[in-house]
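Residue-level structural notes
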Amino acid sequence: MASIVAKVVNRCEEAVETKILNLSECELIQVPDAVYHLMRHTELKTCDLSSNVITKISPKFAVKFSFITDLNLSHNQMARLPDELADLHSLEMLDISHNTFITLPAVVFKMPKLRELKANNNAIIDIDRDEIITSESLEVVDLRHNPLTPSCHDLLKHAVVSFRIELSERVKEDWEDLTI
């Protein structure tokens, strides 16, 4: 445990210089309050929280790290994001891949500068039709390797949007394949 704490503190100290906070592989279940304290005078540009066991992000994350442009939350155990993340007015790249999302968090469409959303390798089965995807800034949304329903897959495949939606090839269910 002490070595994990030391690792986190060292990485916070490095981030004061580099503006890049890398807390990947630190066995975190959330962002510790101490991190917010250590980083209070630093305008972070990048935050990497990948490969932890994080289940949720605190609403205060957006307040404390409001200048970040790049947020990596991949390889965690998250199923939702707080609405407060819409306050990340500089965020351009969000990676929520390899988590447990079953729906695309609506807050991602409220992030004013988000250009790239990686949401591949989750458990996303459907997209809220009303949320679908109104964004001035988005360029690419990666939804590959999600168990999308056939109707959702078709909707996304034929959606008329101003950005690229990356989808895996849909494998027909046995009952759909009439050649069997």
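The following paragraphs examine the structure supplied in this document. Per chain, residue numbering runs from 1 following the sequence as it is written. Two thresholds apply to this predicted model, a pLDDT of at least 70 for residue-level local features and 80 or more for giving and counting side-chain atom pairs, whereas whole-chain, interface and lining totals are computed over all residues. Excluding hydrogens and water, the side-chain values take into account all heavy atoms of the structure.

1. Quick look at the nonpolar core
Here, nonpolar core means buried Ala, Val, Leu, Ile, Met, Phe, Trp, Tyr and Cys residues that are tied together by side-chain atoms lying within 4.5 Å of each other. The rule is simple: take the accessible area with a 1.4 Å probe, protein chains only, and divide by the maximum for that residue type; under 20% is buried, over 50% is exposed, in between is partly exposed. Ranked by internal contacts, the top residues of the largest apolar core, which has 49 residues, are L21, L49, F61, L71, L81, L94 and L117. Element by element, the count of residues in this core is highest for helix α1 (residues 2-18), at three residues. Where helices and strands are cited, they refer to DSSP runs of H or I of at least four residues and of E of at least two residues respectively, numbered from the N terminus.

2. Things to note about the packing of aromatic side chains
Only rings of Phe, Tyr and Trp enter the pairing, Trp through its six-membered ring, and a pair is recorded when the two centres are within 6.5 Å. The plane angle decides the type: under 30 degrees is stacked, over 60 is edge-to-face, the rest tilted. One pass over the structure, following the stated rule, counts two aromatic pairs. Ring centres 5.4 Å apart and planes at 40° place the aromatic pair Y36 and F65 in the tilted group. One end of the pair, Y36, is in helix α2 (residues 33-38); the other, F65, is in the loop between α3 (60-64) and β3 (70-72), and 29 residues separate them in sequence. With a centroid separation of 5.0 Å and 85° between ring planes, the pair formed by F61 and F65 is classed as edge-to-face. Look at F61 and you get buried, because its relative accessible area is 0%. Site record: aromatic cluster; members linked through ring pairs are Y36, F61 and F65.

3. Remarks on the pattern of salt bridges
Pairing of side chains with opposite charge becomes possible as their charged atoms draw close. Note on definitions: salt bridges are taken to be side-chain nitrogens of Lys or Arg within 4 Å of carboxyl oxygens of Asp or Glu. Applying the stated criterion to the full structure yields seven salt bridges. For K60, the salt bridge is made with D33, and the minimal N-O distance between the two is 2.5 Å. Taken together, the residues K60 in helix α3 and D33 in helix α2 connect sequence positions 27 residues apart. A salt bridge links D142 to R144; its shortest N-O distance comes to 2.7 Å.

4. A short note on the side chain of N99
By the secondary structure assignment, N99 is in the loop between β4 (93-95) and β5 (116-118). At 2.9 Å, the side chain of N99 and the backbone nitrogen of M78 are in polar contact. Residue contacts are defined here by distance: any two heavy atoms, one from each residue, within 4.5 Å place the two residues in contact. Setting aside chain neighbours within four positions, we find N99 in contact with L73, S74, H75, N76, Q77, M78, N121 and N122. In protein, a polar contact requires one atom able to donate a hydrogen and another able to accept it; more generally it is a pair of N or O atoms within 3.5 Å, and residues adjacent in sequence count only if both atoms are side-chain atoms.

5. Regarding helix α4 (residues 150-157)
The complete set of buried residues in α4 reads C152, H153 and L156. Relative to the axis of α4, the buried residues are bounded by an arc of 100° and lie together on one face. Considering only its buried residues, α4 is in contact with β7 (164-166). What the arc measures is the spread of directions leading from the helix axis to the C-beta atoms.

6. Considering the sheet that holds strand β6 (residues 140-142)
A strand pair is defined by DSSP finding two or more bridges across the two strands. The strand order across the open sheet formed by seven strands is β1-β2-β3-β4-β5-β6-β7, and the pairing between neighbours is parallel. Every interior strand has two partners, whereas the edge strands, β1 (20-22) and β7, have only one. Here the strands of the sheet are splayed against their neighbours by 5° on average, with no regard to which way each runs. Where β3 meets β4, three bridges bridge the pair, whose relative direction is parallel. Opposite N72, over in β4, you have D95 as the bridge partner. Only C-alpha atoms enter the line fits that serve as axes; for helices the fit covers just the stretch in contact. Angles between N-to-C directions range over 0 to 180 degrees.

7. Concerning α1
The first and last C-alpha atoms of α1 sit 24 Å apart over 17 residues, in line with the 24 Å expected at 1.5 Å per residue. Residues I4, V8, R11, C12 and A15 constitute the buried set of α1. Viewed along the axis of α1, the buried residues span an arc of 105°, placing them on a single side of the element. Turned more than 90 degrees from where α1 packs its buried face, A2, S3 and E17 sit exposed. Contacts from the buried residues of α1 go to β1 and α2. Two residues or fewer past α1, K19 is found with a positive phi of approximately 65°. In this analysis, the expected span of each helix is defined as 1.5 Å times one less than the number of residues it contains.

8. Structural notes on the environment of V63
Mapped onto the fold, V63 is located in helix α3. On a C-alpha basis, the gap between V63 and N10 in space is 23 Å, while along the polypeptide they are 53 residues apart.

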